[in-house]
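Overview (structure and organization)
Read off the chains here:
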Amino acid sequence: MHRKIHELAHPWVRELRVYEPGRPIEEVARELGFADAEEIIKLASNENALGPSPKAQAAMRRAVRQMHLYPDGGAFYLRRALARKLGVEMDQIMVGHGSNEIIALLGQAFLSHTSNIVMADGAFVVYRLVADAFRARTLAVPMKNFTHDLEAMLAAITPETKLVFLANPNNPTGTMVGGAAIERFMARVPPHVAVIFDEAYIELLPPDRQPDTLRYVREGRHAFVLRTFSKTYGLAGLRIGYAVGPREGCELLNKVRQPFNVNAMALAAAEAALGDDAFVARTRRAVAAGLRQIERGCQKLGLDFVPSVVNFMLIKTGRGRAVCQALEREKTIVRPVDGYGLPDYIRVTVGTRAENTHFLKALGRILAQTVSK
Ligand SMILES: Cc1ncc(COP(=O)(O)O)c(C=O)c1O
């Protein structure tokens, strides 16, 4: 009997939604018939406008000659460097193909149709997509003022909850909760759940503003801290991130990952980037200046925005998706956030000074046209 391929698949897989990433420059250039893709500015995926860490670039050039060899599947040198920097043990670290892979591995290791996750309704959507993929329920807790409501999240935990996700700072809102609120939360979170602190943007903050979540791992709590080289270190294209968590927790994640989940170029670059303090400092300064520039631009245009602590910002333009499309015609790619229940907003990543200026001018033109129509 002939059956269509999708009839062979798990029924719930057929229903899965697909993640909508920031649109690649080449795709927009092809679609809109722009001959020169280099003129297009991408402010859609919270990448680092300064490019990759220079130390990482040098390490990649050195690593090229070794690309005929498989990578070190155990990521020994990177884990050793991370352990020294973060003050944890090497076996409390596992390395992934971006922190995205680690979120999926958490799903594989912990979730099933009998469990649920707790997250904020305006938090990074990948948690929900991963829960769906493993047929777990998502208990989405409303945010307060675009910020995680930790009290409400505590109240949402049920006996079936396995993972509680806290994106801190959060994407797409750019907001964060501080160390004291986290401390109160951790004092009351029940022991049957694991708390996932997704800190993809944490290095953009000065060290004294970074909540010390690693201490929960050191104290033996059920907590994982996820970090990435995609943002502050400028290595999104390489796909490398890591989790710091309980030894046995990392062991579980290592069991479900592929043997060579992280490539050798990424390992070399990440280790070098970790020592590039000057680049991190430069990135922080550039992001702070860029945020101020975009905030001032919004004020001039009379637009509300959600004050952000990281390298992207929600702006209330009205008709967000239409504004994104209009901006693409102005050679600027930003992100619609209607999928997060914010149809009136766009999310823009902080670019270079020139890119921010281009974006603000284009936005001003688009909004003036809409008003005059
Ligand atoms: C909150 C958050 N977590 C995780 C990720 C995934 O990052 P990566 O897979 O590049 O490490 C992102 C990327 O946008 C993010 O915003």
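Residues numbered from 1 in each chain as written. Predicted model: local features only at pLDDT ≥ 70, side-chain atom pairs only at ≥ 80, totals over all residues. Heavy atoms only, no water.

With mixed pairing, seven strands are arranged side by side in an open sheet as β2-β8-β7-β6-β5-β3-β4. A single partner strand is all that each edge strand has here, and the edge strands are β2 (93-96) and β4 (137-141). Taking the axes of each pair of neighbouring strands and ignoring which way they run, one obtains an average angle of 20° across the sheet. Looking at chain direction, strand β3 (residues 116-120) and β4 are connected through five bridges and run parallel. Bridging across to β4, I117 finds its partner in T138. Lying on the sheet, helix α9 (residues 179-188) is in contact with β5 (161-167), β6 (194-198) and β7 (223-228); it crosses β6 at an angle near 160°. (Pairing = 2+ DSSP bridges. Helix = DSSP H or I, 4+ residues; strand = E, 2+ residues; numbered from the N terminus. Axes fitted to C-alpha atoms, helices over the stretch in contact; angles between N-to-C directions. Contact = heavy atoms within 4.5 Å.)

What follows deals with the site of the ligand. Inspection of the region around the ligand gives G98, S99, N100, F124, N171, D198, A200, Y201, T228, S230, K231 and R239 as its neighbouring residues. Here an oxygen atom of the ligand sits 2.7 Å away from a polar atom, N or O, in the main chain of S99. Residue N171 places a side-chain N or O atom 2.7 Å away from an oxygen atom belonging to the ligand. If you tally residues by element for the shell around the ligand, the top one is helix α6 (residues 98-110), at three residues. Among the residues forming the shell around the ligand, the class breakdown is three nonpolar, six polar and three charged. (Near = heavy atom within 4 Å. Polar contact = N/O pair within 3.5 Å; in protein donor to acceptor, adjacent residues only side chain to side chain. Nonpolar A, V, L, I, M, F, W, Y, C, P; charged D, E, K, R; others polar.)

Once that is clear, we can look at the domain arrangement of the protein. For the protein, the assigned domains read domain 1 (5-51 + 278-372) and domain 2 (54-275). Contacts between the two partners involve 28 residues from domain 1 and, on the opposite side, 33 residues from domain 2. Carbon and sulfur atoms supply 66% of the area buried between domain 1 and domain 2, which totals about 2,600 Å² over both sides. Sorting the residues of domain 1 by area buried against domain 2 places R284, V309 and Y340 first, and these three jointly supply 25% of that buried surface. There are one salt bridge connecting domain 1 and domain 2. The partner of R17 in a salt bridge is D132, and the shortest N-O contact between them spans 2.6 Å. (Domains from an automatic or database assignment. Buried area = accessible area lost by both parts, 1.4 Å probe. Salt bridge = Lys/Arg side-chain N within 4 Å of Asp/Glu carboxyl O.)

A word on α6. In this model α6 runs 19 Å from its N-terminal to its C-terminal C-alpha over 13 residues, within 8% of the 18 Å that 1.5 Å per residue would give. The complete set of buried residues in α6 reads G98, S99, E101, I102, I103, L105, L106 and G107. (Expected span 1.5 Å × (residues − 1). Buried < 20%, exposed > 50% of the residue type's maximum accessible area, 1.4 Å probe, protein only.)

Let us look at the side chain of H148. Positionally, H148 belongs in the loop between β4 and α8 (150-156). Leave out the neighbours within four places in its chain, and H148 touches A120, A123, M143, M153, F165, L166, A167, N170 and V177.

Axis separation between α6 and helix α7 (residues 126-133) bottoms out at 9 Å; the angle between their running directions is 35°. Judged by the sense of rotation from one axis to the other, the crossing of α6 with α7 is right-handed. Residues N100, I103, A104 and G107 of α6 touch α7, and the partners they reach there are V126, Y127 and V130. Of the residues that constitute the contact of α6 with α7, the class distribution is five nonpolar, two polar and no charged. (Left-handed = near helix turned anticlockwise from the far one by under 90°.)

Bringing the sheet that holds strand β12 (residues 335-336) into the picture now. Strand order in the open sheet formed by four strands is β9-β10-β13-β12, and the pairing between neighbours is antiparallel. Edge strands, defined here as strands with exactly one partner in the open sheet, are β9 (304-306) and β12. Pairing of strand β10 (residues 312-316) with strand β13 (residues 345-349), which is carried by five bridges, proceeds in the antiparallel orientation. Residue pairing in the sheet places L314 in a bridge with R347 of β13. Where helix α13 (residues 277-301) meets the sheet, its contacts fall on β9, β10 and β13, and the angle it forms with β10 comes to roughly 5°. Helix-sheet contacts for helix α14 (residues 320-329) involve β12 and β13, and the interaxial angle to β13 is about 45°.

This model, assessed by the stated rule, comprises 11 aromatic pairs. Ring geometry for F146 and Y345: centres 5.7 Å apart, planes at 65°, overall edge-to-face. Placement of F146 in the loop between β4 and α8 and of Y345 in strand β13 is noted, with a sequence separation of 199 residues between them. For the pair F229 and Y242, a centre-to-centre distance of 5.8 Å together with 50° between the ring planes defines the contact as tilted. Of this pair, F229 sits in the loop between β7 and β8 (241-244) while Y242 sits in strand β8, placing them 13 residues apart in sequence. Considered together, F229 and Y242 belong to a single accessibility category, that of buried residues. These aromatic residues form a ring-pair network of at least three members: Y19, F124, Y127 and F165. (Phe/Tyr/Trp six-rings, centres within 6.5 Å; stacked < 30°, edge-to-face > 60°.)

Ranked by internal contacts, the top residues of the largest apolar core, which has 50 residues, are L78, M186, F197, F229, L235, I240 and V244. Take this core: its biggest share by element is seven residues, from helix α12 (residues 264-274). When sequence neighbours within four positions are dropped, the list of residues in contact with M186 reads V195, F197, Y216, R221 and A223. Grouped together as the second largest cluster of nonpolar side chains are 29 residues, I41, L43, A200 and F359 included. (Core = buried A, V, L, I, M, F, W, Y, C linked by side-chain atoms within 4.5 Å.)

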